[in-house]
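The lines below spell out each chain.
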Amino acid sequence: MISLFSMVTLPFIGEIDLSGSVLIVFFICFLAVVAFEFVNGFHDTANAVATVIYTRALKPVYAIPWSGLWNFLGVFLGGVAVAMGILKLVPLNELMGLPVKVGACLVLAVLLGSIIWNLGTWYLGIPCSSSHTLIGAMIGGSLAFTLYYGGSGVNWAKAGEIGSSLVLSPVIGFGAAWLVMYLLKNVFKSAHLFHIPQGDDDQPPLLTRLLLITTCTLVSFFHGSNDGQKGVGLLMLIMIAFLPAKFAVNHAIPNDKILLSLNQTEQVIQKYTGTNRPDQSLFVKLNTSIEQTKAQISNKDPKNAAKSYSFRKQIQAVMKNIKAVTEDEKIKLDNNDKAELSKAAKDLDKITDFAPIWVIATISISLGLGTMIGWKRIVVTIGEKIGNQHLNYAQGATAEIVAASTIGLSTGFGLPVSTTHVLSSGIAGAMVASEGTKNLNSGTIKNIAIAWVLTLPVSIALSFLLFMLFHLFV
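These remarks concern the structure in this document.

Quick notes on the rules
- The residue numbers shown here count from 1 along each chain, following its written sequence.
- The predicted origin of the model limits local features to residues at a pLDDT of at least 70 and limits the giving and counting of side-chain atom pairs to 80 or more, whereas totals for whole chains, interfaces and linings rest on all residues.
- Side-chain descriptors were evaluated using all non-hydrogen atoms of the structure, hydrogens and water having been removed beforehand.
- All axes here are fitted lines through C-alpha atoms, helices being fitted over the stretch that makes contact, and every angle between N-to-C directions spans 0 to 180 degrees.
- Only DSSP runs of H or I covering at least 4 residues are called helices, and only runs of E covering at least 2 are called strands; the numbering of each starts at the N terminus.
- Each angle gets one of four labels, with under 35 degrees taken as roughly parallel, over 145 as roughly antiparallel, 65 to 115 as roughly perpendicular, and the rest as oblique.
- If you view the pair so one helix is near and one far, a crossing is left-handed when the near helix is turned anticlockwise from the far one by less than a right angle, and right-handed when it is turned clockwise.
- Only heavy atoms enter the contact rule, under which two residues are in contact if any of them lie within 4.5 Å.
- Using a grid of 1 Å spacing that covers the protein atoms alone, one calls a set of points a cavity when a 1.4 Å probe fits there but cannot get out, and a pocket when the set is open and has protein on both sides within 12 Å along at least five of seven lines; lining residues are those with an atom within 4 Å of a point.
- Grid points are joined across faces, edges and corners, and a volume is the space filled by probe spheres set on the points.
- Basically, the charged four are Asp, Glu, Lys and Arg, the nonpolar ten are Ala, Val, Leu, Ile, Met, Phe, Trp, Tyr, Cys and Pro, and anything else, Gly included, counts as polar.
- By convention in this document, the label disulfide applies to cysteine sulfur atom pairs within 2.5 Å.
- The nonpolar core is taken to be a set of buried Ala, Val, Leu, Ile, Met, Phe, Trp, Tyr and Cys residues, with the residues joined through side-chain atoms within 4.5 Å.
- Note on classification: 1.4 Å probe, protein chains only; a residue is buried when its accessible area is under 20% of the maximum for its type, exposed when over 50%, partly exposed between these limits.
- One less than the residue count of a helix, multiplied by 1.5 Å, gives the span that helix is expected to have.
- Only rings of Phe, Tyr and Trp enter the pairing, Trp through its six-membered ring, and a pair is recorded when the two centres are within 6.5 Å. The plane angle decides the type: under 30 degrees is stacked, over 60 is edge-to-face, the rest tilted.
- Note on definitions: salt bridges are taken to be side-chain nitrogens of Lys or Arg within 4 Å of carboxyl oxygens of Asp or Glu.

1. Points about the packing of helix H8 (residues 206-242) against helix H15 (residues 393-412)
Here comes step 1: In contact at an axis separation of 8 Å, H8 and H15 are set at 30° when each is read in the N-to-C sense. Taken together, the axis directions place H8 and H15 in an arrangement best described as roughly parallel. Between H8 and H15 lies a crossing of left-handed hand. Contact residues: H8 offers Thr 208, Leu 211, Leu 212, Thr 215, Cys 216, Leu 218, Val 219, Phe 222, His 223, Ser 225, Asn 226 and Gln 229, while H15 offers Tyr 393, Gly 396, Ala 397, Glu 400, Ile 401, Ala 403, Ala 404, Ile 407, Gly 408, Ser 410 and Thr 411.

2. Describing the layout of surface pockets
Here comes step 1: There is about 1,600 Å³ of room inside the largest pocket.
Here comes step 2: Contributing to the lining of the largest pocket are 44 residues, with Met 84, Lys 88, Met 319, Asp 349 and Asp 353 lying nearest its centre.
Here comes step 3: Broken down by secondary-structure element, the contributors of at least two residues to the lining of the largest pocket are helix H3 (81-87), helix H4 (92-96), helix H7 (156-188), H8, helix H12 (305-327), helix H13 (335-352) and helix H14 (357-385).
Here comes step 4: Of the residues forming the lining of the largest pocket, the biggest block, eight residues, is contributed by H12.
Here comes step 5: Tallied by class, the residues present in the lining of the largest pocket amount to 19 nonpolar, 13 polar and twelve charged.
Here comes step 6: Counted as a void, the second largest pocket has a volume near 310 Å³.
Here comes step 7: In this structure, the second largest pocket is lined by 14 residues; those nearest its centre are Asp 17, Leu 243, Ala 245, Pro 302 and Lys 303.

3. With respect to the state of the cysteines
Here comes step 1: Scanning the entire structure with this criterion turns up zero disulfides.
Here comes step 2: With no disulfide of its own, Cys 105 has Cys 29 as its nearest cysteine by sulfur position, at a separation of 9.3 Å.

4. So, the nonpolar core
Here comes step 1: Membership of the largest hydrophobic core comes to 66 residues, with the highest contact counts inside it found for Ile 13, Phe 26, Met 138, Val 232, Ile 238, Phe 242 and Phe 247.
Here comes step 2: Judged by nonpolar contacts, the second largest core, of 22 residues, contains Leu 286, Val 318, Val 325 and Leu 348.

5. Considering helix H5 (residues 100-123)
Here comes step 1: Between the first and last C-alpha of H5 there are 34 Å, a value that for 24 residues agrees with the 34 Å anticipated at 1.5 Å per step.
Here comes step 2: Here H5 lies mainly inside the structure; 17 of its 24 residues are buried.

6. A look at the packing of helix H6 (residues 130-149) against H7
Here comes step 1: In contact at an axis separation of 11 Å, H6 and H7 are set at 160° when each is read in the N-to-C sense. It follows from the interaxial angle that H6 and H7 lie roughly antiparallel. In this structure, H6 crosses over H7, and the sense of that crossing is left-handed. Across the interface between the two elements, Ser 131, His 132, Ile 135, Ile 139 and Leu 143 from H6 touch Trp 156, Ala 159, Ile 162 and Leu 166 from H7.
Here comes step 2: Grouping the constituent residues of the contact of H6 with H7 by class yields seven nonpolar, two polar and no charged.

7. Quick notes on the environment of Leu 262
Here comes step 1: By secondary structure assignment, the location of Leu 262 is in helix H10 (residues 255-270).
Here comes step 2: For Leu 262, a relative accessible area of 0% puts it in the buried group.
Here comes step 3: For the pair Leu 262 and Asp 347, spaced 85 residues apart in sequence, the C-alpha separation works out to 9.7 Å.
Here comes step 4: Sequence-distant contacts of Leu 262, defined by excluding residues within four places in its chain, comprise Ile 290, Thr 293, Lys 294, Val 318 and Leu 348.

8. What about the packing of aromatic side chains?
Any two aromatic rings considered together are summarised by their centre-to-centre distance and by the angle between their planes.
Here comes step 1: Evaluated as defined, the whole model comprises eleven aromatic pairs.
Here comes step 2: Taking the centre distance of 6.4 Å and the plane angle of 70° together, the rings of Trp 70 and Phe 221 count as edge-to-face. Linking Trp 70 in helix H2 (residues 60-77) with Phe 221 in helix H8, this pair joins segments that are 151 residues apart in sequence.
Here comes step 3: Where Phe 145 meets Tyr 149, the ring centres are 5.3 Å apart and the plane angle is 35°; that geometry is what we call tilted. Separated by four residues within a single helix, Phe 145 and Tyr 149 lie in helix H6, roughly one turn from each other.
Here comes step 4: A relative accessible area of 0% places Phe 145 in the buried class.
Here comes step 5: Judged by its relative accessible area of 31%, Tyr 149 falls in the partly exposed class.

9. Focus: the pattern of salt bridges
Here comes step 1: In the structure shown here, the tally under the stated rule is three salt bridges.
Here comes step 2: Put simply, Lys 294 and Glu 266 hold a salt bridge, and the shortest N to O gap is 2.9 Å. Taken together, the positions of Lys 294 in helix H11 (residues 280-296) and Glu 266 in helix H10 put the pair 28 residues apart, joining distant regions of the chain.
Here comes step 3: Judged by relative accessible area, Glu 266 falls into the buried class, the value being 9%.

10. Let's talk about the side chain of Ser 142
Here comes step 1: Looking at the element boundaries, Ser 142 is found in helix H6.
Here comes step 2: Ignoring sequence-local partners within four residues, the contact set of Ser 142 consists of Leu 89, Val 90, Pro 91, Leu 106 and Val 154.

Here you go:
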């Protein structure tokens with residue numbers, strides 16, 4: 001009976017050919033990533049509206065949809081650099097060459113490991129980082145995958161980049177918030193900014209209210225452009241693992257456009273070949289990879305996994321060789337030629353690093369719904385429990401200005417950052433600038449610190465063990 005469902009046509013995806021049991025696992029994984037983003041809404045998107053709700057600048061009924069709209073726009077307009085950075089943590093190329101069931105094991109291990117830890121910390125009201133959780137789960141799943149199948153394993157260079165971003169961002173958040181709050185307190189000395197709201201009708205003055213709404217808007221937008229992309233990366237991992245023929249490369253880009261980029265690159269490097277240069281081998285290598293890619297372009301087929309996978313590897317080889325030429329300090333390229341190669345590289349990058357609009361929309365909607373249902377626990381923690389005093393207007397605005405700036409810069413560099421940790425550390429920095437370290441609630445800070453320390457090892461262990469468990473059924 002179950003075999004009847006091996007060939008189905010799905011909205012946005014089209015016709016897929018998966019065996020009955022694998023098709024069911026595919027739907028489970030799809031629902032799991034939606035659930036992960038839904039739970040992420042409990043945690044991270046709630047941080048974006050915490051200060052504006054707690055300071056009575058906006059009521060929840062207005063703040064949540066407003067934040068959701070700007071999160072949605074952030075995901076759509078923020079590109080996919082962070083999403084692709086997340087994907088590069090796992091051995092994608094090795095995964096595409098193995099049976100779909102192996103990919104299912106990795107995907108389920110990553111998703112369930114992330115969801116279990118996220119739900120547990122949300123229940124306790126601890127602002128745990130979904131970014132830390134997801135990255136730990138990806139590392140754990142990749143380690144288990146490598147144990148069974150070998151290959152390149154975890155991309156430790158990318159993991160180090162991301163790890164540095166996650167460690168430094170809360171430190172920057174704390175220091176920057178302390179500095180801004182110190183200036184507000186000692187330079188501007190505007191008394192109404194330091195008022196603590198006492199009831200539902202105790203709203204901030206108009207200009208202060210506009211400031212708080214603006215900062216909430218910025219945090220929401222940049223949160224979508226950064227955190228939202230993590231879900232995009234997860235969903236693309238599912239698509240590539242289960243449907244490599246359709247999603248290993250972007251079939252929406254026409255072949256003539258790909259050929260144009262390859263030909264432009266070839267025209268540039270021809271100027272530097274045949275001149276007995278000591279760096280001639282790099283140009284020859286790039287030229288060879290271009291010719292091989294052009295020879296395979298007609299074989300790019302959304303119904304043939306092997307051909308799509310082979311074409312993906314060829315595009316990656318061209319990209320690697322362009323990078324080798326443009327980044328070698330010994331090679332003196334003309335500025336126009338270097339710009340032409342960089343443009344071609346960006347165009348070719350879109351063939352392997354992409355996400356369809358429906359993927360982005362799915363993640364945006366999941367984030368918004370999660371925020372609407374689970375926002376209250378985290379809002380109370382942010383507003384009441386980080387400091388011994390309740391949050392005032394200046395502290396809320398300061399934390400969100402710093403959070404928006406930090407997250408925006410991280411998105412620009414294509415690095416994921418923890419909204420939770422940046423905003424929480426910003427609140428802590430503002431509290432310390434107000435009344436010193438005695439103004440911090442040691443119990444809450446301790447819980448956040450424990451979650452921060454435990455998240456990576458626990459999520460690594462969870463996904464590692466889950467992969468081993470699921471692999472028993474392969």
